Each structure stands twice: as C-alpha cells, then as structure tokens.
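Now for the letters of each chain:
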Amino acid sequence: MDIRSAGDVKIPVIIPRVDAHTAKEVEAKLNDLVNGGSKRIVCDFSQNDYISSAGLRVFLQMLKIMQKSGGKIVLCSLKPQVKEVFDMAGFSQLFRIFDTEEDAVKEL
C-alpha cells in the first residue's frame, strides 16, 4: 500500500481488494501511521474495487482510534460499487466521504 503526504496529511492508497485475506495488511499499515503520530489521514480508494465486511471492520476500528486520539480520518475517490457497500452498511453516515483527494485534504 503506497502512502503519500500532503503537508502533515497522510494519504494511504487503499489496495484493489480489501477482504479477509488482505484486511490485516491494511490494518497494520494504517496502525503504523497512527502509531507514528499521524493525526490527519485521507484514505484514497481510487484503486480499490472491492471491500468485504472484514475490510469495513478495519476502517471502523480506525475511525474509533482516530476519534479517541483527537485525529481525523476521511475517505475519497470511492468507486460506485464500493460506495454502495459503505452505503448499505451505514458507514456513509459515519465517515466523511469526498469525491476527490484534493477536496478531502482541504477538509482536514
């Protein structure tokens, strides 16, 4: 998983499939960012085509961690099929979701 920066905002590019086999890897990378002191994270879903319930759990856990630590995590560039999963799970009400990375970075 590639990670870019825009100032103090970290931008992990989420891998194409986040499922039971890859969720631990994504979780570890996001935890590394938080443990490294990152307080503002924009998850770029532009390369992601699929997320399972295991993947959703990772992002819900990260949201809770960021809220407790006073940080912020937002999402951007969700493809329609991925956005639909977030909508159906009720996660679209929990996360701020932006169409573009630029808009997401501006929000933080």
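Structure report, in brief.

## Let's talk about the pairing of strand β6 (residues 72–76)
It is a general feature of regular strands that their side chains alternate between the two faces of the sheet. The element β6 is extensively covered by neighbouring structure, given that four of its five residues are classed as buried. Strand direction decides the pairing type here: strand β4 (residues 40–44) and β6, joined by five bridges, are parallel. In the sheet register, I41 faces β6, and the bridge partner there is I73. In this structure, β6 lies alongside strand β7 (residues 97–98), joined through two bridges in parallel fashion. Following the sheet pairing, L75 is matched in β7 by I97. Assessed by its sense of winding, the connection that carries the chain from β6 through helix α3 (residues 80–88) to β7 is right-handed.

## Let's talk about the pattern of salt bridges
By the definition in use, this model includes 10 salt bridges. Where D19 meets R17, a salt bridge forms, and the shortest distance between an N and an O atom there is 3.3 Å. With relative accessibility at 12%, the residue D19 sits in the buried group. A relative accessible area of 45% places R17 in the partly exposed class. Put simply, R57 and E27 hold a salt bridge, and the shortest N to O gap is 3.7 Å. A residue pair is termed long-range when its members are at least 10 positions apart, and R57 in helix α2 (residues 53–69) and E27 in helix α1 (residues 23–35) qualify at 30 residues. Residue classification places R57 among the partly exposed positions, given a relative accessible area of 39%. It is possible to trace a salt-bridge network through shared partners that takes in R4, D44 and E101.

Calculation criteria
As a convention, each chain's residues are numbered from 1 in the sequence order in which they are written. Only residues with pLDDT of at least 70 are given local features in this predicted model, and only at 80 or more are side-chain atom pairs given and counted; all residues enter the totals for whole chains, interfaces and linings. No hydrogens and no water enter the side-chain calculation; it runs on all heavy atoms of the structure. Relative accessible area decides the class of each residue, using a 1.4 Å probe on protein chains only: under 20% of the type maximum gives buried, over 50% gives exposed, and in between gives partly exposed. Each helix corresponds to a stretch of at least 4 residues labelled H or I by DSSP, and each strand to a stretch of at least 2 residues labelled E; elements are numbered beginning at the N terminus. What makes two strands pair is DSSP finding at least two bridges between them. For a crossover, the right-handed case is the one in which the path from the first strand over the helix to the second runs clockwise, viewed with the strands pointing away from the viewer. Think of a salt bridge as a Lys or Arg side-chain nitrogen and an Asp or Glu carboxyl oxygen that are within 4 Å of each other.

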